[in-house]
Amino acid sequence: MELIQNTPDLSAYLAADEVVDHDHPVVRETAARLAAEVQDSYAYARAAFEFVRDTIPHSQDAGDPRVTWRASDVLALRTGICYAKAHALAALLRAEDIPTALCYQKLDVVHGLVAVRFNGAWHRQDPRGNKPGVDARFSLDGERLAWTPDPESNEVDYPVLYAEPHPAVLRALKTAPDRAHLWKTLPTAL
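Please read these numbers as outputs of a predicted model, since none were measured by experiment. (Residues numbered from 1 in each chain as written. Predicted model: local features only at pLDDT ≥ 70, side-chain atom pairs only at ≥ 80, totals over all residues. Heavy atoms only, no water.)

Regarding the overall build of the chain
Reasoning step 1: A tally of helices and strands in the chain yields 7 helices and 6 strands.
Reasoning step 2: Overall, the chain shows an N-to-C arrangement of helices and strands of β-α-α-α-α-α-β-β-β-β-β-α-α.
Reasoning step 3: Summarising its shape, the C-alpha atoms of the chain cover approximately 40 × 35 × 35 Å along the three principal directions.
Reasoning step 4: In the chain, which comprises 190 residues, the proportion classed as buried is 51%.
Reasoning step 5: Contacts in the chain between residues far apart in sequence, at least 24 positions, make up 61% of those at least 6 positions apart. (Helix = DSSP H or I, 4+ residues; strand = E, 2+ residues; numbered from the N terminus. Buried < 20%, exposed > 50% of the residue type's maximum accessible area, 1.4 Å probe, protein only. Contact = heavy atoms within 4.5 Å.)

Laid out in structure tokens, this is it:
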């Protein structure tokens, strides 16, 4: 699948905003701590991915009713669904000048991931969090995502790389008072 930037301006994939708030002290402190332990940007990207995947539980898996959507809140509260975890990873990567996009798959509902740009190409990563049956890994050599869409079940990989969260995703997150409500309002297509 050819990944398509929704804006040709690569600097948009480094920008901070209300959601991917990599200028926030919590994001900056976390990024600095992770960067101090690695040799280069590739190792940093892997460390940031593993940090989000492994130390921030997916709120559904953990039974956490809180809904987070801003990267700094995901890092501070240590909870989030796939979209929120993708926002946190994007913020950590952008904080270290690694172009990062938000991207999506349509499974039963829309699933959120990121794509990082290395060596002139985009590489999708899924920081959702592993569990039995899910083994997502950081890779620039072939995708190691949590799920592969099944076209026979009308599941698809969306090729668009967004510099900001998709409006339908952000609306669902921002309007949900808790995860139970969010589960009823997750987008089923983009």
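Thoughts on unusual backbone geometry
Excluding glycine, residues mostly have negative phi values, and the peptide bonds linking residues are mostly trans.
Reasoning step 1: Phi is positive for aspartate 97, which is not a glycine, with a value near 60 degrees.
Reasoning step 2: Taking relative accessible area as the criterion, aspartate 97 reaches 62% and is therefore assigned exposed.
Reasoning step 3: Unlike most non-glycine residues, asparagine 154 shows phi in positive territory, near 65 degrees.
Reasoning step 4: With respect to the secondary-structure elements, asparagine 154 resides in the loop between strand 4 (121–125) and strand 5 (156–157).
Reasoning step 5: Since its relative accessible area comes to 57%, asparagine 154 is described here as exposed.

Focus: the sheet that holds strand 5
Reasoning step 1: Pairing in this open sheet of 4 strands is antiparallel, and the strands run 4-3-2-5 from one edge to the other. The sheet is open, and its two edges are formed by strand 4 and strand 5, each paired on a single side.
Reasoning step 2: As defined by bridge partners, strand 3 (residues 110–118) adjoins strand 4 across 5 bridges and the pair is classed as antiparallel. Counted as the bridge partner of valine 114 is glutamine 125 from strand 4. (Pairing = 2+ DSSP bridges.)

As for the nonpolar core
Reasoning step 1: Tyr44, Tyr83, Leu92, Leu93, Leu102 and Tyr104 are the most contacted members of the largest nonpolar core, which totals 45 residues.
Reasoning step 2: Sorting the residues of this core by element identifies helix 1 (25–35), helix 2 (41–55), helix 4 (71–77), helix 5 (82–95), strand 2 (100–106), strand 3 and helix 6 (167–175) as the ones contributing at least two each.
Reasoning step 3: Not counting the four nearest positions on each side in its chain, tyrosine 83 is found in contact with Tyr104, Val110, His111, Gly112, Val169, Leu173, Leu186 and Pro187.
Reasoning step 4: Of all hydrophobic cores here, the second largest spans 11 residues; its members include Tyr13, Ala101, Leu161 and Ala163. (Core = buried A, V, L, I, M, F, W, Y, C linked by side-chain atoms within 4.5 Å.)

Digging into the side chain of lysine 85
Reasoning step 1: The topology assignment puts lysine 85 in helix 5.
Reasoning step 2: No salt bridge is formed by the buried lysine 85; its nearest oppositely charged neighbour, aspartate 54, is found at 7.0 Å.
Reasoning step 3: Of note is the side chain of lysine 85, whose polar atom sits 3.2 Å from the backbone oxygen of valine 52.
Reasoning step 4: Non-local contacts of lysine 85, meaning those with residues more than four positions away in its chain, are made with Val52, Arg53, Ile56, Pro57, His58, Val74, Gly80, Pro127, Arg128 and Gly129. (Lys, Arg positive; Asp, Glu negative; His and termini not counted. Salt bridge = Lys/Arg side-chain N within 4 Å of Asp/Glu carboxyl O. Polar contact = N/O pair within 3.5 Å; in protein donor to acceptor, adjacent residues only side chain to side chain.)

Overview of the packing of aromatic side chains
Reasoning step 1: Counted according to the given criterion, the structure contains 6 aromatic pairs.
Reasoning step 2: Measuring from centroid to centroid gives 5.2 Å for tyrosine 13 and tryptophan 122, while their planes differ by 65 degrees, and the two rings are edge-to-face. Taken together, the residues tyrosine 13 in the loop between strand 1 (4–5) and helix 1 and tryptophan 122 in strand 4 connect sequence positions 109 residues apart. Each of the two residues, tyrosine 13 as well as tryptophan 122, counts as buried.
Reasoning step 3: Grouped by ring-pair contacts, the aromatic residues Tyr42, Phe49, Phe118 and Phe138 constitute a single cluster. (Phe/Tyr/Trp six-rings, centres within 6.5 Å; stacked < 30°, edge-to-face > 60°.)

Here we look at the environment of histidine 181
Reasoning step 1: By the secondary structure assignment, histidine 181 is in helix 7 (residues 179–185).
Reasoning step 2: Along the sequence, histidine 181 and proline 65 sit 116 residues apart, while their C-alpha atoms lie 9.3 Å from each other.
Reasoning step 3: Every residue in contact with histidine 181, bar those within four places of it in the chain, is listed here: Thr175 and Ala176.

Things to note about helix 2
Since there are 3.6 residues in each turn of an α-helix, residues three or four apart along the chain are aligned in direction.
Reasoning step 1: The end-to-end C-alpha distance of helix 2, which contains 15 residues, comes to 20 Å, matching closely the 21 Å that a straight helix rising 1.5 Å per residue would cover.
Reasoning step 2: All of the buried residues in helix 2 are Tyr44, Ala45, Ala47, Ala48, Phe49, Phe51, Val52 and Arg53.
Reasoning step 3: Packing partners of the buried residues in helix 2 comprise helix 1, helix 4, helix 5, strand 3 and strand 4.
Reasoning step 4: The backbone nitrogen of tyrosine 42 lies 3.3 Å from a side-chain oxygen of the residue at the head of helix 2, namely aspartate 40. (Expected span 1.5 Å × (residues − 1).)

Remember that the coordinates give geometry; whether it matters functionally is a separate question.
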